[in-house]
Amino acid sequence: MASTGGLHAAIGGGVATARAEQVLSRLQLLITRKLDGLLQGDYIGLLPGPGTEPGESREYRPGDDVRRMDWPVTARTTVPHTRQTVADRELETWLAVDLSASLSFGTARMLKSDLAVAAAAAVAHLTVRGGNRIGAVVGTGGGHTVRLPARPGRKEAQGLLRAVARTPIQPGRTDLGALVDMLNRPPRRRGQAVVISDFLAPPDDWGRPLRKLAVRHDVLAIEIVDPRELELPDVGVLVLADPETGALHEVYTGDAKLRARYAAGAAAQRSAIAYALRTAGAQHLRLRTDSDWLLDIVRFVAAQRHARTRGTTR
């Protein structure tokens, strides 16, 4: 697959600008060409999609959602069975997009905020068809949030993406737990929820709202990562600025032990994030600013499709 490095020229420098329309047009063309070219066949989204109408029962397989156990059949046959569901004709997908100051950072092909918007565009492309609706809540730091109502149609989805791209980033940290909890209110019928963030806030802040969300909805967590958050380069004295507080830190990166401690701490942090997402019942997709993010999405969707055919998805 060709590199998406050219996207940086289109959206580098921030998405909340007057160029948002042009940026999204190029982004939509890129996504349409590559996703439709690589994902042949019928697919309805990043996740298999829930259903609400009861269908046939079948024997339980490892990995099946225990919430769909068919207890009467299980008791009658003494063999565990799960109840299959018939997918709804219309699916409602909600995005929680974290555009806090920590995402105004990038040392590779694009800023993390650019990648967050690109991920939202890919989700919209994969889910808005056949009358499916998509809505969003956006957090921009300092407690500022924007709610965009769910509407059907590609034109409406493009309008939603334009609103997300034009949302100005505010100083301070987004309360990710409160942002996720906005998807729990008001209660909705079972659907899909996608949380896009770097998840750098402590898991205790967002783990419980995410678990609550996963009780009713199929949840996908898209983690946005920059390589410099995983390891430091050996470039001598480096001045680091915290985008959420403005604090400056001077670090001597020529110290090999310091770089090793940094890498170990970063790995432990990412492991804790992955564990919290897994225990919350969310699917986990990690996108990096230095990789082909569209190819990563294609691989994720293909893995989900393969798991669905084997009956191992939730």
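See the structure shown above.
Computed from a prediction, not measured in an experiment: that's the story for all the values here.

Undergrad: How should the pairing of strand 3 (residues 92-98) be read in this particular structure?
TA: Side-chain direction in a regular strand flips from residue to residue, so the side chains alternate between the two faces of the sheet. Buried residues dominate strand 3, accounting for 7 of its 7 residues. Along strand 3, one buried face is formed by Glu-92, Trp-94, Ala-96 and Asp-98 and the opposite face, lined by Thr-93, Leu-95 and Val-97, is buried too. In this view, the connection linking strand 3 to its parallel neighbour strand 4 (residues 133-139) by way of helix 4 (residues 112-127) has right-handed handedness.

Undergrad: What's the story with the nonpolar core in this structure? I'm lost.
TA: As a rule of thumb, soluble globular proteins bury nonpolar side chains together. In terms of nonpolar packing, the biggest core is built from 43 residues, with Leu-95, Ile-196, Ile-222, Leu-287, Trp-293 and Ile-297 touching the most fellow members. Top contributing element to this core by residue count: helix 4, with 11 residues. Residues Phe-199, Ala-201, Leu-210 and Ala-214 belong to the second largest nonpolar core, which totals 23 residues.

Undergrad: Please explain the pattern of salt bridges as it appears in this structure.
TA: If the charged atoms of two oppositely charged side chains come close together, the side chains can form a pair. If you walk through the whole model with that rule in mind, you get 12 salt bridges. Residue Asp-181 is joined to Arg-185 by a salt bridge in which the shortest nitrogen-to-oxygen separation is 2.9 Å. Looking at Arg-185, the relative accessible area reads 44%, which means it is partly exposed. Residue Asp-234 is joined to Arg-259 by a salt bridge in which the shortest nitrogen-to-oxygen separation is 3.7 Å.

Undergrad: Teacher, can you tell me more about helix 5 (residues 154-165) here?
TA: Spacing of three or four residues puts side chains on the same side of an α-helix, whose turn is 3.6 residues. Helix length check: helix 5, at 12 residues, gives a terminal C-alpha distance of 16 Å against a target of 16 Å (1.5 Å per residue), a fit within 8%. Within the span of helix 5, buried status applies to Ala-157, Leu-160, Leu-161, Val-164 and Ala-165. Down the axis of helix 5, the smallest arc covering the buried residues is 135 degrees, so these residues share one side.

Undergrad: Just checking my understanding: could you explain the environment of Ala-178 for this structure?
TA: Tracing the backbone shows Ala-178 in helix 6 (residues 176-181). By relative accessible area, which is 39% here, Ala-178 ends up partly exposed. It is 9.0 Å that separates the C-alpha atoms of Ala-178 and Gly-143, two residues lying 35 residues apart in sequence.

Undergrad: Which parts of the structure should I look at to understand the layout of surface pockets?
TA: Over the atoms, a rolling probe the size of a water molecule traces out where space has been left empty. The calculated volume of the largest pocket comes to roughly 760 Å³. Lining of the largest pocket is provided by 24 residues; of these, Glu-229, Leu-240, Ala-241, Pro-243 and Tyr-262 occupy positions nearest its centre. Listed by contribution, the elements that provide at least two residues to the lining of the largest pocket are strand 8 (237-241), strand 9 (248-252) and helix 8 (256-279). Considering every element that reaches the lining of the largest pocket, the biggest residue donor is helix 8, with 5 residues. Its residues placed into classes, the lining of the largest pocket shows 12 nonpolar, 5 polar and 7 charged.

Cut-offs and rules
- Residues numbered from 1 in each chain as written.
- Predicted model: local features only at pLDDT ≥ 70, side-chain atom pairs only at ≥ 80, totals over all residues.
- Heavy atoms only, no water.
- Buried < 20%, exposed > 50% of the residue type's maximum accessible area, 1.4 Å probe, protein only.
- Helix = DSSP H or I, 4+ residues; strand = E, 2+ residues; numbered from the N terminus.
- Right-handed = clockwise from strand over helix to strand, strands pointing away.
- Core = buried A, V, L, I, M, F, W, Y, C linked by side-chain atoms within 4.5 Å.
- Salt bridge = Lys/Arg side-chain N within 4 Å of Asp/Glu carboxyl O.
- Expected span 1.5 Å × (residues − 1).
- Arc of directions from axis to C-beta.
- 1 Å grid on protein atoms, 1.4 Å probe; cavity = no way out; pocket = protein on both sides within 12 Å on 5 of 7 lines; lining within 4 Å.
- Points joined across faces, edges and corners; volume = space filled by probe spheres on them.
- Nonpolar A, V, L, I, M, F, W, Y, C, P; charged D, E, K, R; others polar.

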